[in-house]
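The lines below spell out each chain.
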Amino acid sequence: MPNYYQPEIETASREQILAWQNERLVKQVKHVWDNVPYYRQKMEEKGVTPDDIKSVDDLHKLPFLTKDDLRDAYPYGLMGKPLSECVRIQSTSGTTGRRVVAFYTQHDIDLWEDCCARAIVAAGGTKDDVCHVSYGYGLFTGGPGLNGGSHKVGCLTLPMSSGNTERQLQFMTDLGSTILCCTPSYAAYLAESIHEMGLRDKIKLKAGIFGAEAWSEEMRHDIEQKLGIKAYDIYGLTETSGPGVSYECSEQTGMHINEDHFIAEIIDPETGEVLPEGSKGELVFTSITKEAFPLLRYRTRDICVLTRKPCSCGRTHVKMSKPMGRSDDMLIIKGVNVFPSQIETVLLEQGYPANYQIIVDRVNHSDTLEVMVEMAPDKFSDSLADIAEQEKKLVNALKTMLGIYAKVRIVSPKSITRSEGKAVRVIDKRKI
Ligand code: DLL
């Protein structure tokens, strides 16, 4: 049995999981009250004290934390431990506004790496594997998180980081990588390069652990086919440590949340009301074991559904669906809500590659939506009439999915920039 499959935790009864959560939540609220004045003030404003929180049933009494709070409290305002007890920071890419900076004690790092190790084991990883980590290293949590998890499982770890695709493929073939960890868009790029360089027979990959950005089921099938692997989803965010908050098992029908470390809730993003199991809404996390950055009721803005349906893998921890887009990813075009993932689904269903760009603009006071997608090799044609016909088909399929008109442009293969980390799919010129 591989280490880091911990049946006493991962297949614990619901009663046992709740007992851990109740005990840890009470302790964590006290820790935050005593050490994080920013959150204590929020609790006081709501008239809540640690005495009011006796179990998970009382969680709803606590105030939410949002990304705005993280910005207000930047950089040290939400720390639960003095700097002298912290050993690491990680940070978000921070494309808009201030970066999120998260702090870790050594204990926090250990628990985070345990979570990533569980994800690797759930994807079939053992100490005999060669784990090729192509997530970015540095401030981004992807590389350090999976690297730590891989060490704990005992895999031979290749700390590749992202970029330099030729070198990636050389190590992958020379050292026989068996598990690939990177963003799904970079996995698709690597798969394309492997195909072009005729390396398919030289690679030994059996599994991929892909996350950090939204990716559709169609993209999963595409990558699985091209690389001959099983592709597992992994989820997390810097605010809750990084990757490994949840991960897929062999059933591939959602990601088990590590409930011994995180309590998950689904809320209505408009009203903040807690929704019953099975409802679609915004995911909220409470970290119950973190010391240095102990966020309570943190609103992720990720929209998903939780389910406790029994899983064939035997794990009992609640499963979250793939995030169906972030509430702040949602585009409002001509008053209609559009998620980029809906567009990706249509393109892949129609046999196009996941190399696309969405351009939103406002012309003469009216919103416009344009989708650029690369020509699929097996649909290649020189005939303009043929291409126009293909574009028309896509326009119709997009209209059915979105309910609005999107202009479609099929462009030459390889003309859309490839991503080595998180892909930037949307250019919203209305915001520029
Ligand atoms: O992306 C951590 C991570 C690294 C997760 C490697 C998985 C693998 P951030 O940069 O803080 O952290 O971005 C967090 O990315 O709120 C989601 O919107 C999105 N995200 C993360 N994983 C997934 C996933 C890392 N599997 C934000 N599917 C989150 C869809 C994801 N979106």
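Residues numbered from 1 in each chain as written. Predicted model: local features only at pLDDT ≥ 70, side-chain atom pairs only at ≥ 80, totals over all residues. Heavy atoms only, no water.

**Digging into the packing of aromatic side chains**
The line we're drawing: Ring pairs are drawn from Phe, Tyr and Trp, using the six-membered ring of Trp, whenever the two centres fall within 6.5 Å, and their geometry is named by plane angle: stacked under 30 degrees, edge-to-face over 60, tilted for the rest. Strands are runs of DSSP state E lasting at least two residues, helices are runs of H or I lasting at least four, and both sets are numbered from the N terminus onward. Throughout this description, buried means an accessible area under 20% of the type-specific maximum (1.4 Å probe, protein chains only), exposed means over 50%, and partly exposed covers the range between. Whether a charge lies above a ring is judged from NZ of Lys or CZ of Arg, which has to be within 6 Å of the ring centre and within 35 degrees of the ring normal.
Considering all chains together, one arrives at eight aromatic pairs under this definition. A ring pair is formed by Tyr-76 and Phe-103, whose centres lie 5.9 Å apart and whose planes are at 45 degrees; its orientation type is tilted. Of the two residues, Tyr-76 is situated in the loop between α4 (67–72) and β1 (88–91) and Phe-103 in strand β2 (residues 101–104); the sequence distance between them amounts to 27 residues. Given the relative accessible area of 4%, Phe-103 is considered buried. Consider the rings of Tyr-104 and Trp-112, whose centres lie 5.1 Å apart with planes at 25 degrees: the pair is stacked. Each of the two residues, Tyr-104 as well as Trp-112, counts as buried. Members of the aromatic cluster, connected to one another through ring pairs, are Tyr-76, Phe-103 and Phe-293. One Lys or Arg, Arg-299, reaches over the ring of Phe-64 and ends 5.4 Å from the middle of that ring. Its end group placed over the ring of Trp-215, Lys-322 keeps NZ or CZ at 3.8 Å from the ring centre.

**Regarding the sheet that holds strand β9 (residues 255–257)**
Selection criterion: Two strands form a pair only when DSSP identifies at least two bridges running between them.
Across the sheet, which stays open at both edges, the eleven strands sit in the order β4-β3-β5-β6-β7-β8-β9-β13-β12-β11-β10 with mixed pairing between neighbours. The strands lining the two open edges of the sheet, one partner per strand, are β4 (156–159) and β10 (262–267). Across five bridges, strand β11 (residues 280–287) lies against strand β12 (residues 298–307) in antiparallel orientation. Within β12, the position partnered with Gly-281 by the bridge is Cys-304.

**Quick notes on the pattern of salt bridges**
For clarity, the threshold we go by: Counted as salt bridges are all cases of a side-chain nitrogen of Lys or Arg within 4 Å of a carboxyl oxygen of Asp or Glu.
The tally for this structure, following the rule as stated, stands at 30 salt bridges. Note that Lys-81 is salt-bridged to Glu-85, the shortest N-O span being 3.8 Å. Overall, the relative accessible area of 24% leaves Lys-81 in the partly exposed class. Arg-409 is the salt-bridge partner of Glu-370, the closest N and O atoms lying 2.7 Å from each other. In this pair, Glu-370 is assigned in strand β17 (residues 366–374) and Arg-409 in strand β18 (residues 407–411), connecting sequence segments 39 residues apart.

**Overview of the site of the ligand**
We count it as follows: Summary of the distance rule: residues count as near a molecule or strand when at least one heavy atom falls within 4 Å of that molecule or strand. Any N or O atom pair separated by 3.5 Å or less is treated as a polar contact, with the protein-specific requirement of one donor-capable and one acceptor-capable atom, and with residues adjacent in sequence counted only for side-chain atom pairs. Each accessible area is a Shrake-Rupley result for a 1.4 Å probe, and residues are judged covered by the shown protein chains and nothing else. Any residue that is not Ala, Val, Leu, Ile, Met, Phe, Trp, Tyr, Cys, Pro, Asp, Glu, Lys or Arg is counted as polar, Gly included; the first ten are nonpolar and the last four charged.
In the vicinity of the ligand there are 20 residues, among which Asp-233, Ile-234, Thr-238, Asp-302 and Arg-326 approach most closely. Glu-213 has a polar backbone atom sitting 3.2 Å from a nitrogen atom of the ligand. The contact in question runs from a nitrogen atom of the ligand to an N or O atom on the side chain of Asp-233, over 2.8 Å. Expressed as a share of its isolated accessible area of 610 Å², the protein-covered part of the ligand is 93%. Looking at which element gives the most residues to the shell around the ligand, the answer is strand β7 (residues 230–237), with five residues. Of the residues assigned to the shell around the ligand, the class counts are nine nonpolar, six polar and five charged.

**A short note on the sheet that holds strand β19 (residues 426–428)**
Consider a sheet: its strands pair through backbone hydrogen bonds, and that pairing is either parallel or antiparallel. To keep things clear, this is the line we draw: Convention adopted: a line fitted to C-alpha atoms gives each axis, helices being fitted over their contacting stretch, and angles between N-to-C directions are expressed from 0 to 180 degrees. The contact criterion used is simple: two residues touch if any of their non-hydrogen atoms lie within 4.5 Å.
Ordered by their spatial adjacency, four strands build an open sheet running β18-β17-β16-β19, and the pairing between neighbours is mixed. At either margin of the open sheet sits one strand with a lone partner, and together these are β18 and β19. Mean inter-strand twist for the sheet, computed between neighbouring axes without regard to direction, equals 20 degrees. The sheet contact formed by β17 and β18 spans five bridges and is parallel. Residue pairing across strands places Met-372 opposite Arg-409, the latter belonging to β18. Contacting β16 (356–363), β17 and β19, helix α10 (residues 340–349) runs over the sheet at an angle of about 125 degrees to β16.

**Description of the domain arrangement of the protein**
When the parts of a complex come together, some accessible area is lost, and that lost area is often used as the size of the interface. Put simply, the test is: What fixes the domain bounds is an automatic or database domain assignment. Joining two parts hides part of their accessible area as seen by a 1.4 Å probe, and the buried area is that hidden amount summed over both.
According to the domain assignment, the protein contains domain 1 (1–327) and domain 2 (331–431). Centre-to-centre separation of domain 1 and domain 2, based on C-alpha positions: 30 Å. Taken residue by residue, the interface counts 20 residues in domain 1 and 16 residues in domain 2. With both sides pooled, the region where domain 1 packs onto domain 2 buries about 1,500 Å², and carbon together with sulfur makes up 54% of that total. Of all residues in domain 1, the largest losses of buried area upon contact with domain 2 belong to Tyr-189, Glu-192 and Glu-218, amounting jointly to 28% of the total for that side. Seen at the junction of domain 1 and domain 2, the total is three salt bridges. Glu-192 is paired through a salt bridge with Arg-418; the nearest N and O atoms lie 2.8 Å apart. Applying the counting criterion to the domain 1 and domain 2 interface returns seven residue pairs in polar contact (both at pLDDT 80 or more). Contributions of two or more residues to the side of domain 1 that touches domain 2 are made by α8 (184–196) and α9 (217–227).

**Observations concerning the packing of helix α5 (residues 106–122) against helix α6 (residues 142–153)**
Note the cut-off: Here roughly perpendicular refers to angles of 65 to 115 degrees, roughly parallel to angles under 35, roughly antiparallel to angles over 145, and oblique to all remaining angles.
Viewed as axis vectors pointing N to C, α5 and α6 meet at an angle of 75 degrees, and their least axial separation amounts to 7 Å. By the criterion of interaxial angle, the relationship of α5 to α6 is roughly perpendicular. Here α5 contributes Asp-110, Trp-112, Glu-113, Asp-114, Cys-116, Ala-117, Ile-120 and Val-121 to the contact with α6, which in turn contributes Pro-144, Gly-145, Leu-146, Gly-148, Gly-149, Ser-150, Lys-152 and Val-153. Here the residues of the contact of α5 with α6 are counted per class, giving eight nonpolar, four polar and four charged.

**Side note on the environment of Phe-64**
Among the structural elements, Phe-64 can be located in the loop between α3 (37–45) and α4. Remark: the alpha-carbon pair of Phe-64 and Val-284, spanning 220 residues in sequence, is separated by 8.5 Å. With residues near it in sequence (within four places) discarded, Phe-64 still touches Lys-42, Asp-69, Ile-267, Gly-272, Val-284, Arg-297 and Arg-299.

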